[in-house]
Amino acid sequence: MIGIGSDHGGFALKQAIMKHLEARGLEYRDYGTYSEASCDYPDYGKAVALAVAEGSCDRGILICGTGIGISITANKVPGIRAALCGDCFSAEATRLHNDANILALGARVVGEGLALKIVDTFLDTPFSNDERHIRRIRKIEG
Ligand code: RB5
């Protein structure tokens, strides 16, 4: 199960990503926002991050205007490794190296076509399970 959320700045891209996930036959849960009315990104960043941290979602996708505020929010939740990606190389590397469990996107930064490729790369790349990466992730967690 993929948890997805955005603020108003990410609403249109969230709709496009959900359509894409449906076309791929992937299950998702939409944590809002549900319109383009102005709202606060921490509310949605927190909701998806908690769902991933407690295990009701395996992965998360978060979108705001820049992707920055919503990724900062998600990374405050213990166990969350949210990666703000604007290219496919980073999306692949953060799965292989960081075992990132949330992808953050900036809807005012990347176009829809690139965003969907980043989503696919993030979802389709497994963690490397390399000892050095496991050791480094443990060090993030303290
Ligand atoms: C909303 O205007 C904007 O601040 C928000 O979407 C995001 O970019 C914050 O980091």
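One can find the structure itself at the top, above this paragraph.
Topic: the nonpolar core
In terms of nonpolar packing, the biggest core is built from 21 residues, with Ile17, Ile61, Ile63, Leu103, Leu105, Ile118 and Val119 touching the most fellow members. Those elements that provide at least two residues to this core are strand S1 (2–6), helix H1 (11–23), strand S3 (59–64), strand S5 (102–106) and helix H5 (112–124). At six residues, the largest contribution of residues to this core is made by H5. Beyond its immediate chain neighbours, meaning those up to four positions away, isoleucine 61 contacts Ile2, Gly3, Ile4, Gly5, Ile17, Val48, Leu103, Leu105 and Val119. Within the second largest apolar cluster, 16 residues are counted, among which are Ala49, Leu62, Ile70 and Ile102.

Examining unusual backbone geometry
In this structure, the amide linkage connecting glycine 32 to the following residue, threonine 33, adopts the cis form with an omega of 0 degrees. Inspection of the secondary structure assignment puts threonine 33 in the loop between strand S2 (28–30) and helix H2 (41–54). At aspartate 99, a residue that is not glycine, the phi angle is positive and equals roughly 50 degrees. Here aspartate 99 shows up in the loop between helix H4 (88–98) and S5.

Some words on the sheet that holds S3
Reading across from one edge, S2-S1-S3-S5-S4 is the order of the five strands in this open sheet, with parallel pairing throughout. Each of the sheet's edge strands pairs with one partner strand only, and the pair in question is S2 and strand S4 (82–84). Strand-to-strand twist across the sheet, computed as the mean angle between neighbouring axes with direction ignored, equals 20 degrees. Strands S1, S3 and S5 of the sheet are contacted by H5, whose axis makes an angle of about 170 degrees with S5.

Quick notes on the pattern of salt bridges
With the rule as written, the count across this model stands at eight salt bridges. For arginine 24, the salt bridge goes to aspartate 120, with nearest N and O atoms at 2.8 Å. Note that arginine 24 is positioned in the loop between H1 and S2 and aspartate 120 in helix H5, a separation of 96 residues in sequence. Its relative accessible area of 34% is what places arginine 24 among the partly exposed residues. Between arginine 132 and aspartate 130 there is a salt bridge whose closest N-O contact spans 3.3 Å. On the accessibility criterion, arginine 132 (37% relative accessible area) is partly exposed.

About the thresholds
- Residues numbered from 1 in each chain as written.
- Predicted model: local features only at pLDDT ≥ 70, side-chain atom pairs only at ≥ 80, totals over all residues.
- Heavy atoms only, no water.
- Core = buried A, V, L, I, M, F, W, Y, C linked by side-chain atoms within 4.5 Å.
- Buried < 20%, exposed > 50% of the residue type's maximum accessible area, 1.4 Å probe, protein only.
- Helix = DSSP H or I, 4+ residues; strand = E, 2+ residues; numbered from the N terminus.
- Contact = heavy atoms within 4.5 Å.
- Pairing = 2+ DSSP bridges.
- Axes fitted to C-alpha atoms, helices over the stretch in contact; angles between N-to-C directions.
- Salt bridge = Lys/Arg side-chain N within 4 Å of Asp/Glu carboxyl O.

So, to be careful, I would describe these as geometric facts and stop short of saying anything about function.
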